[in-house]
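So the chains spell out like this:
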Amino acid sequence: MTTLKHFSARILIIGAGPTGLTLANLLGQADIKTCIIDRKPGTVTEPRAVSIDDESLRTMQAIGLGEEVLRDVVSGYGVHYFTRPGGRCFGKVEPTGKLYGYPKRNAFRQPIFERTLKAGLERFPSTKVLFGHELLEFHQDDKGVCARVRDAEGETLAISADYLIACDGGRSPVRKQLGIGMVGSSFSSRWLVVDTDQDNDPFWQTRVYCDARRPVVDVPGPQHTRRFEFLLKPEETDAQALGDSFLSALLRPFKGDATVSIVRKTVYTFHARVASQWQSGRVFLAGDAAHLTPPYAGQGMNSGVRDAHNLGWKLIGVLKGQLAETALSSYESERREHAWALIRLALNLGVVMAPATVLRARIISAAFSLIGLFPPLRDYFLQMRFKPKPRFIKGLVLTEGQAGKLSCGHMFPQPMLMDRHKLLRLLDDVIGTGFALIQYGDAAHHCFDELKHGLWDRLEAKRILILAQNAGAIPCIAGCDVLQDSEGLLSEILGGSTSVLLLRPDRYIAAIFDTSSEVQTAESLQSLFGIATPKDGELESSVAPVFP
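The notes below deal with the structure included here. What you are looking at is a predicted structure, and each value in this text was computed from that prediction instead of being measured.

1. A short note on the environment of Ala62
Then, number 1: Mapped onto the elements of the fold, Ala62 is located in helix α2 (residues 54–62).
Then, number 2: Of the residues examined, Ala62 reaches a relative accessible area of 13% and is grouped as buried.
Then, number 3: For the pair Ala62 and Pro95, spaced 33 residues apart in the sequence, the C-alpha separation amounts to 23 Å.
Then, number 4: Not counting chain neighbours up to four residues away, the residues in contact with Ala62 comprise Gln29, His309 and Thr433.

Structure (structure tokens):
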């Protein structure tokens, strides 16, 4: 009788796309024994997602791969809207701000991106990566999950874990085995997506041709790549659309008779759907397994990266004893509404990008022209302020607390800071991978030495005092890092607030308080996190085992 090969991990991730690989890097940083499997022989080789936003780049920074990812990213591009190919430009979106430390819109190549994430896992002996492995089935109980997996040679092995995370795409086998349905809608419209390389067009903005006869999107990419998306008519078949003569006719208004190097062509039907639940016992859904977003806003992959960061720090907190297991239920309650908000944004942008009639197209272009006459409205679109800002109103955040323009549940900005040696560092590089207590203002009136509650030590919260841009000399204060807001980003946002802000590892504000409310705030957080303050000597560090 053959004994089934078996090994164990704390976390088993199904699917090694951007979501799964990001989550694996987060867990690897924390030395959490993790196994990630994918039935593909390796990371993707064809272009898929082409836009990465500021929040995702901030997550790349958090997993220690910011510089590596940025090497293959072209940062900061916008969108120009045209009436038709060769027609009038009637609207522009060109964001310039870096609230979270990076430009809001950036071009990248998913194959390169995934290779970078996979290479990042080589840093962690606690992480096992298994391509060419397919999940056959899994079972769970109140202690863990056991999965049966088939490798590339057809042999079967068993993998047991505390938790299973399904990052296995829109057709998620894990979601199907759980019997979880999707709510929302699919589009009857189909789009032909054509990826090219060796492109010599110097124009570095996305062009959207809002032509009711045939809407077209033209997206520039790094390394002389470009993507074209063409809306297909109901009578045009997939086979017809993928034919050489059909493609040549579609590309001629943009490329003339020049030879076009096509690296990928496919027909997509877009979806706007969300899983009816994102957790079943010890199994969680993330990325496309949890939500499918139309591509108009470029947020599909970025939403998956947000899932990974949100769920990742909570899994780490539970396995390190900083959070109770019940805290994991906040993953869906925090992420679901924001995922839906971005789906709605994409749907609304789709109305602009693909007007159903010539009349609607004319109304849209006229409206944009009118908006351009009013600076506040113009800047609202120009700076992409229409994109829903991430904010949690439930989950692992307190519901009360205000510091200037920031409330509990907001993502904290990422200013460029200067230390006493005149070195510049982004805030997250100062914080590291965990919690942080932040205070902004005057060094003479900081209150860190008055904070006595044991929760801050249990969370291993780093204490950071940020001085205003014109504060003068940067003092050395025991027990905290003191830096200066070098560009004045926080001045308008926080104003004269001297409150203390507790930032979670994903940089969202969990609490805002002052010394008079410290105890009440800490006790409220303990209730949210499902923990009690440890007694002296109760905290012990542990090192996760590594794979043989």
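2. Points about empty space enclosed by the protein
Then, number 1: Counted under the stated rule, the structure contains four cavities of 30 Å³ or more.
Then, number 2: A volume near 110 Å³ is recorded for the largest cavity.
Then, number 3: The wall of the largest cavity is formed by Glu55, Arg58, Thr59, Arg306, His309, Asn310, Arg335, Phe392, Met411, Asp506, Arg507 and Tyr508.
Then, number 4: Residue assignment for the lining of the largest cavity shows that the elements contributing at least two residues are α2 and α8 (300–320).

3. Considering the sheet that holds strand β12 (residues 156–161)
Then, number 1: Spatially, β1-β12-β11-β10 is the arrangement adopted by the four strands of the open sheet, whose pairing is mixed. Each edge of the open sheet carries a strand with a single partner, namely β1 (5–8) and β10 (134–140). When strand polarity is set aside, the average angle formed by the axes of neighbouring strands in this sheet is 20°.
Then, number 2: In terms of strand pairing, β1 meets β12 through four bridges, oriented parallel. Bridge pairing links Ser8 to Ser160 in β12.

4. Focus: the packing of aromatic side chains
Then, number 1: Summed over the entire model, instances satisfying the criterion amount to 17 aromatic pairs.
Then, number 2: Judged by centre distance (5.6 Å) and plane angle (40°), the rings of Phe228 and Phe254 are tilted. Separated by 26 residues along the polypeptide, Phe228 in strand β17 (residues 225–232) and Phe254 in helix α7 (residues 244–255) bring together distant segments of the chain.
Then, number 3: A relative accessible area of 1% places Phe228 in the buried class.
Then, number 4: Each ring, one from Trp456 and one from Phe513, has its centre 5.2 Å from the other, and the planes form 5°; the classification is stacked. In this pair, Trp456 sits in helix α13 (residues 455–458) while Phe513 sits in strand β30 (residues 509–513), placing the two residues 57 residues apart along the sequence.
Then, number 5: What makes Trp456 buried here is its relative accessible area of 0%.
Then, number 6: Put simply, the rings of Phe82, Tyr209, Phe228, Phe230 and Phe254 touch in pairs and so form one group of aromatic residues.
Then, number 7: Of note, Lys128 hangs over the ring of Phe7, and the distance from its end group to the ring centre comes to 5.4 Å.
Then, number 8: One Lys or Arg, Arg282, reaches over the ring of Tyr163 and ends 4.9 Å from the middle of that ring.

5. Some points on the pairing of strand β16 (residues 216–221)
Then, number 1: Within β16, six of the six residues are buried, which leaves the element mostly enclosed by the surrounding structure.
Then, number 2: Side chains Val216, Asp218 and Pro220 project from β16 onto one buried face, and the interleaved Val217, Val219 and Gly221 project onto a second face that is buried too.
Then, number 3: Strand direction decides the pairing type here: strand β15 (residues 206–209) and β16, joined by three bridges, are antiparallel. For Tyr209, the partnering residue across the bridge sits in β16 and is Val216.
Then, number 4: Relative to β17, β16 runs antiparallel, the two being bridged by six bridges. Bridged to Val219 within β17 is Arg227.

About the cut-offs
Residues numbered from 1 in each chain as written. Predicted model: local features only at pLDDT ≥ 70, side-chain atom pairs only at ≥ 80, totals over all residues. Heavy atoms only, no water. Helix = DSSP H or I, 4+ residues; strand = E, 2+ residues; numbered from the N terminus. Buried < 20%, exposed > 50% of the residue type's maximum accessible area, 1.4 Å probe, protein only. Contact = heavy atoms within 4.5 Å. 1 Å grid on protein atoms, 1.4 Å probe; cavity = no way out; pocket = protein on both sides within 12 Å on 5 of 7 lines; lining within 4 Å. Points joined across faces, edges and corners; volume = space filled by probe spheres on them. Pairing = 2+ DSSP bridges. Axes fitted to C-alpha atoms, helices over the stretch in contact; angles between N-to-C directions. Phe/Tyr/Trp six-rings, centres within 6.5 Å; stacked < 30°, edge-to-face > 60°. Lys NZ or Arg CZ within 6 Å of the ring centre and 35° of its normal.

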